[in-house]
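Results of the structural survey
The primary structure of each chain is shown beneath.
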Amino acid sequence: MQRIRLATFDVTNTLLKFKLPIGEEYSQTSKLYGIQSDAAQLNAAFKRQWIVLNQQHPNFGAITGLAPQAWWTNLISKTFLDAGYDYLDQTQLQTLSRHLFKAYTSKVCWQMQRGTRTLLQNLAKANIQLGVISNFDTRLQAILSDVGLLHNFDFVIDSYSAKVKKPNQKIFNLALGHVKHLDIQPEQAVHIGDDLEVDYLGARSAGWNALLLTKKENLSPEQLKIVNPNHILNELGEAEKHILQPDAVRSRN
């Protein structure tokens, strides 16, 4: 990598992770309202309905004019119904949806990945601009603020507000637009995320550098052929050496 002047980050499973698996969080919430539910069934139903709703209303409804809270109310309600709790009425489903939407807007449901704060502080000390590029809805800044990270970033881009999501090159160009006064070129930027197609290949297609936060064993032989092994991070904190001491990383590998 050339000398990096801009580092951007994905959020879910990169900077932050869920405190509990989604199914478990949904199940525990339902029990607060006297509804007994199975976490595994809810988790499986969520995955199915996530796919369906993203097909019907891409990018949290940004494409079809649906507000984020309405999008999530739809998803949460259909998750419980798909999981077999079709006896719940609309009032109960609305109550569960409001509760979960609010909970996921705060640190109630989120926690930082190990090494996040130290990494951001050390990169900032090296005069590297920091940003967030995440396929997320409009709650993103509120979440980052509540977990105590928002002040670290020069800009935050959520895909709903941008009306474009990764891996589209436009969202990476938008990020460069936030630092255009510094004349940072794509080859001087790096994006860090956990998704091969969305984060790693998306950034590379935009002319950026990229680091993939995953375990090598999570990648298929075919996927390993298209990822530079020097670009794989086992932990987020490893990004510091890749960005600030790339020659040392190359010689080690």
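Now for a quick tour of the structure. (Residues numbered from 1 in each chain as written. Predicted model: local features only at pLDDT ≥ 70, side-chain atom pairs only at ≥ 80, totals over all residues. Heavy atoms only, no water.)

1. Examining the overall build of the chain
Counted only if it meets this: Helix and strand definitions follow DSSP, with helices as H or I runs of at least four residues and strands as E runs of at least two, each counted in order from the N terminus. Computation of the radius of gyration draws on C-alpha atoms alone. For the globule rule, the value is 2.2 Å times the number of residues to the power 0.38. For each residue, the accessible area found with a 1.4 Å probe, counting protein chains only, is set against the maximum for its type, and the residue is called buried under 20%, exposed over 50%, and partly exposed in between. In what follows, residue pairs with any heavy atoms lying within 4.5 Å of each other are defined as contacts. A 1.4 Å probe and the Shrake-Rupley method give the accessible areas. Residues count as covered only by the protein chains that appear here.
The number of helices and strands found in the chain is 12 helices and 8 strands. Taken over the C-alpha trace, the chain has a radius of gyration of 19 Å; the compact-globule value for 253 residues is 18 Å, and the two agree within 12%. Scored against the burial criterion, the 253 residues of the chain give a buried share of 48%. Relative to all contacts within the chain whose residues are 6 or more apart in sequence, the contacts with residues 24 or more apart total 64%. When the accessible surface of the chain is summed, it comes to about 12100 Å², and 49% of that surface belongs to carbon and sulfur atoms.

2. Concerning the nonpolar core
The line we're drawing: Grouping buried Ala, Val, Leu, Ile, Met, Phe, Trp, Tyr and Cys residues that are joined through side-chain atoms within 4.5 Å yields what is termed a nonpolar core.
F9, Y26, F80 and I243 are the most contacted members of the largest nonpolar core, which has 54 residues in total. Dropping the residues within four chain positions of it, Y26 is found in contact with L42, F46, W72, I76, T79, F80, L100 and Y104.

3. Brief notes about the pairing of strand β1 (residues 6–9)
Applied cut-off: A pair of strands is labelled paired if DSSP reports no fewer than 2 bridges between them.
Because side chains alternate across β1, one face comprises the buried residues L6 and T8, and the other comprises A7 and F9, equally buried. As paired elements, β1 and strand β4 (residues 129–134) share 4 bridges and run parallel to each other. Its bridge partner being in β4, L6 is matched across the sheet by Q129. Examined bridge by bridge, β1 and strand β6 (residues 189–193) share 4 bridges and lie parallel to one another. The residue bridging T8 from the neighbouring strand is H191, located in β6.

4. Re the packing of aromatic side chains
Applied cut-off: Stacked, edge-to-face and tilted labels apply to pairs of Phe, Tyr and Trp rings (six-membered ring for Trp) whose centres lie within 6.5 Å, assigned for plane angles under 30 degrees, over 60, and everything in between, in that order. As a reminder, the over-ring test applies to NZ of lysine and CZ of arginine, requiring each to be within 6 Å of the ring centre and within 35 degrees of the ring normal.
Enumeration over the complete set of coordinates arrives at 19 aromatic pairs. Taking the centre distance of 6.0 Å and the plane angle of 45 degrees together, the rings of W50 and W72 count as tilted. Of this pair, W50 sits in helix α2 (residues 39–56) while W72 sits in helix α3 (residues 68–82); the two residues are 22 residues apart in sequence, bridging distant segments of the chain. The class for W50 is partly exposed, based on a relative accessible area of 31%. A cation over an aromatic ring shows up here: R139 above the ring of F101, its NZ or CZ 4.1 Å from the ring centre. Here the guanidinium or amino end of K163 rests over the ring plane of Y160, the centre of that ring lying 4.8 Å away.

5. Topic: the side chain of S30
What counts is decided by this rule: N or O atoms within 3.5 Å of each other form a polar contact, as long as, within protein, one can give a hydrogen and the other can take it, and as long as residues adjacent in sequence are counted only when both atoms are side-chain atoms.
Within the secondary structure, S30 is located in helix α1 (residues 22–32). What makes S30 buried here is its relative accessible area of 0%. From its side chain, S30 meets the backbone oxygen of I35 in a polar contact 2.9 Å long. Among the polar contacts listed, one links the side chain of S30 to the side chain of S37, at a separation of 2.6 Å.

6. Looking at the environment of Y160
With respect to the secondary-structure elements, Y160 resides in helix α7 (residues 159–162). When sequence neighbours within four positions are dropped, the list of residues in contact with Y160 reads N59, F60, G61, A62, L66, A67, P68, F136, D137 and T138. Polar side-chain contacts of Y160 include one of 2.8 Å to the backbone oxygen of L66.

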